[in-house]
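Reading the structure
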Amino acid sequence: MEDAAAALDAAMPALQGWIGRARVAEEEVALGAVRRIAATFDLDPAAFAAGIALPTHWFNLFFADIARQSALGPDGHPRKGEFLPPIPLPRRMGAGRRVRLHGALRVGDAATKRTEVAAILPKAARTGPICILTMRSSIAARGAVLAVEEFDAIYRAAVAPGAATAATAPIAPPTEASWQEARLLDPTQVFRYGAITWNAHRIHYDADYARGEEGYPAAVMNGGLTMHLLLDAALRNARGRLVGYETRLMRPLFVGDTARFCGSTIAAGRMQAWVMDTHGAQAAEMTLEFAA
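Counting restarts for each chain: residues are numbered from 1 in the order of the written sequence. For this predicted model, a pLDDT threshold of at least 70 governs which residues receive local features, and a threshold of 80 or more governs which side-chain atom pairs are given and counted, while totals over whole chains, interfaces and linings are taken from all residues. Excluding hydrogens and water, the side-chain values take into account all heavy atoms of the structure.

1. Structural notes on the overall build of the protein chain
The way it works is that DSSP assigns letters per residue, a run of H or I at least four long becomes a helix, a run of E at least two long becomes a strand, and they are numbered from the N terminus. Helix and strand content of the protein chain: five helices and ten strands. Computed over the C-alpha atoms, the radius of gyration of the protein chain is 19 Å, within 12% of the 19 Å expected from 2.2 N^0.38 for a compact globule of 292 residues. Seen through its principal axes, the protein chain has C-alpha atoms that stretch 55 × 45 × 35 Å. Of all 292 residues assigned to the protein chain, the portion counted as buried reaches 46%. Contacts between residues were defined by any pair of non-hydrogen atoms, one from each residue, lying within 4.5 Å. Put simply, of all contacts in the protein chain between residues at least 6 apart along the chain, 72% involve residues at least 24 apart. Total accessible area on the protein chain stands at roughly 14300 Å², and carbon and sulfur atoms take up 53% of it. Throughout, the radius of gyration refers to the C-alpha atoms, and the reference size of a globule is 2.2 Å times the residue count to the power 0.38. Between buried and exposed lies partly exposed: a residue is buried under 20% and exposed over 50% of the maximum accessible area for its type, with that area taken using a 1.4 Å probe on protein chains only. Here the accessible surface of atoms and residues is derived via Shrake-Rupley with a 1.4 Å probe, and residues count as covered only by protein chains that are part of the display.

Listed below in structure tokens is the structure:
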């Protein structure tokens, strides 16, 4: 861990030069893709047609990073040093998002996503050195910005061969829920979500890699899918127009387990929602904001 901390300290001056780097991706919101997304979330694909507005939080199901096969690292992520900063810590996990929603994508839109490196923050954690990378994205179509998102990823040091990853201490969830749903973290849905988002991170589908290289007990649930399912559950129990949300992943969930998705009623335009793992510990939290 001392070597990892020293390497991170030495890299920070150069890493600061990556802040502000940006790229723009283009996407046609094609009907076929929309219908595959609908089917993945158990909606009727035939209910979607050209021109229909999509749920506002679907914006992050498009604009997949389509790195060439030769540009992938051993973990399945695009190699660092091309667009992602070369942070000298090998393990990467999503940690949280802050989103503002201004409108919805429509089937057939020609849309763009501008993404920039917003911040690179080294920290000393209980488990050793980490680095938080924040990427800021703006999604636009029809001449207007529809969503702005800040996404945090945490980079960690490697796990010693044969060792288990250090687990976050269990956190008790809120004691009172106005609604809750138990849900199997279905491997087929994880696969389909990974295909939609073109996410090749091996911890989500290669259990041998997850155990042997990253010290997890099983394949890890995709955090983006966890939060999408939590958003869907919250919106089934809410009225009003969603204008923003913040998320935080707290403990890993594992494919094949059953998790419990819970939440409060809306108070002062806000709803609290959370996920409990199979042992009853809080694994994720979300604050949703609705228009007055």
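Okay, back to it.
2. What about the packing of aromatic side chains?
In this analysis, rings of Phe, Tyr and Trp, with Trp reduced to its six-membered ring, are considered paired at centre separations within 6.5 Å, and the interplanar angle assigns stacked below 30 degrees, edge-to-face beyond 60, and tilted for intermediate values. Here the structure, examined in full by the defined rule, presents three aromatic pairs. For the pair F41 and Y193, a centre-to-centre distance of 6.5 Å together with 80 degrees between the ring planes defines the contact as edge-to-face. In this pair, F41 is assigned in the loop between α2 (31-40) and β2 (91-101) and Y193 in helix α3 (residues 187-197), connecting sequence segments 152 residues apart. Both residues of the pair, F41 and Y193, belong to the buried class. Both rings, one in F48 and one in W58, keep their centres 5.6 Å apart while their planes meet at 25 degrees; by these two values the pair is stacked.

3. Concerning the nonpolar core
Nonpolar core, defined: a set of buried Ala, Val, Leu, Ile, Met, Phe, Trp, Tyr and Cys residues in which side-chain atoms within 4.5 Å join the residues together. Grouped together as the largest cluster of nonpolar side chains are 50 residues, with contacts concentrated most on L54, F62, L105, Y245 and L288. Per-element accounting of this core gives the leading share, seven residues, to helix α5 (residues 223-236). Beyond its immediate chain neighbours, meaning those up to four positions away, L105 contacts V29, I52, A53, L54, F59, F62, A111, I139, A141, R142 and L146. L8, A11, C131 and F151 belong to the second-largest nonpolar core, a separate cluster that totals 19 residues.

4. Digging into the side chain of S137
Examined against the element boundaries, S137 turns out to sit in strand β4 (residues 128-141). Looking at S137, the relative accessible area reads 4%, which means it is buried. For the purposes of these results, a polar contact is taken to be a pair of N or O atoms within 3.5 Å, where, inside protein, one atom must be able to donate a hydrogen and its partner to accept one; residues adjacent in sequence count only when each atom of the pair is a side-chain atom. Within the structure, S137 has its side chain in polar contact with the side chain of T115 (distance 2.9 Å). Residues in contact with S137, not counting those within four places in the same chain, are K113, R114, T115, A147, V148 and E149.

5. Considerations on α5
Its 14 residues place the ends of α5 20 Å apart at the C-alpha level, agreeing with the 20 Å of an ideal helix rising 1.5 Å per residue. Counting buried positions over the 14 residues of α5 gives twelve, a clear majority of the element. Of the positions making up α5, those classed as buried are G223, G224, L225, T226, M227, H228, L229, L230, L231, D232, A233 and A234. With a side-chain oxygen positioned 2.8 Å from the backbone nitrogen of G224, the residue opening α5 is N222. To estimate how far a helix should reach, multiply one less than its number of residues by 1.5 Å.

6. Digging into the environment of M286
Along the chain, the position of M286 falls in strand β10 (residues 282-290). With 39 residues separating them in the primary sequence, M286 and T247 have C-alpha atoms 4.4 Å apart. What M286 contacts, discounting residues up to four positions off in sequence, is M227, L230, L231, Y245, E246, T247, M271, Q272 and A273.

7. Observations regarding α2
When α2 is considered as a whole, its buried residues turn out to be V34, I37, A38 and T40. One side of α2 holds all its buried residues, which, seen down the axis, span an arc of 160 degrees. Packed against the buried residues of α2 are α3. Of the residues one or two after α2, D42 is the one with positive phi, at around 60 degrees. Note that the arc is computed from the directions linking the helix axis to the C-beta atoms.

8. Things to note about unusual backbone geometry
One non-glycine residue with positive phi stands out, namely F63, at about 60 degrees. With respect to the secondary-structure elements, F63 resides in the loop between α2 and β2. For F63, a relative accessible area of 9% translates into the label buried. Although it is not a glycine, A268 adopts a positive phi angle of roughly 55 degrees. Relative to the helices and strands, A268 resides in the loop between β8 (258-263) and β9 (270-276). Residue classification places A268 among the exposed positions, given a relative accessible area of 84%.

9. Considering the sheet that holds strand β5 (residues 144-156)
Here the rule is simple: two strands pair whenever DSSP picks up at least two bridges between them. Taking strand neighbours across the sheet as the criterion, the ten strands line up as β1-β3-β4-β5-β2-β7-β10-β9-β8-β6 in an open arrangement whose pairing is antiparallel. The open sheet has two free edges, formed respectively by β1 (22-28) and β6 (179-184), since each of these has just one partner strand. Sheet twist, expressed as the mean angle between neighbouring strand axes with direction ignored, is 20 degrees. In terms of strand pairing, β2 meets β5 through ten bridges, oriented antiparallel. In the strand pairing of β5, R91 is matched with R156. The axes used here are C-alpha line fits, helices contributing only the stretch in contact, and every angle between their N-to-C directions lies in the interval 0 to 180 degrees. Sheet strands in contact with α5 are β2, β6, β7 (242-249), β8, β9 and β10, and its direction is about 50 degrees off that of β10.

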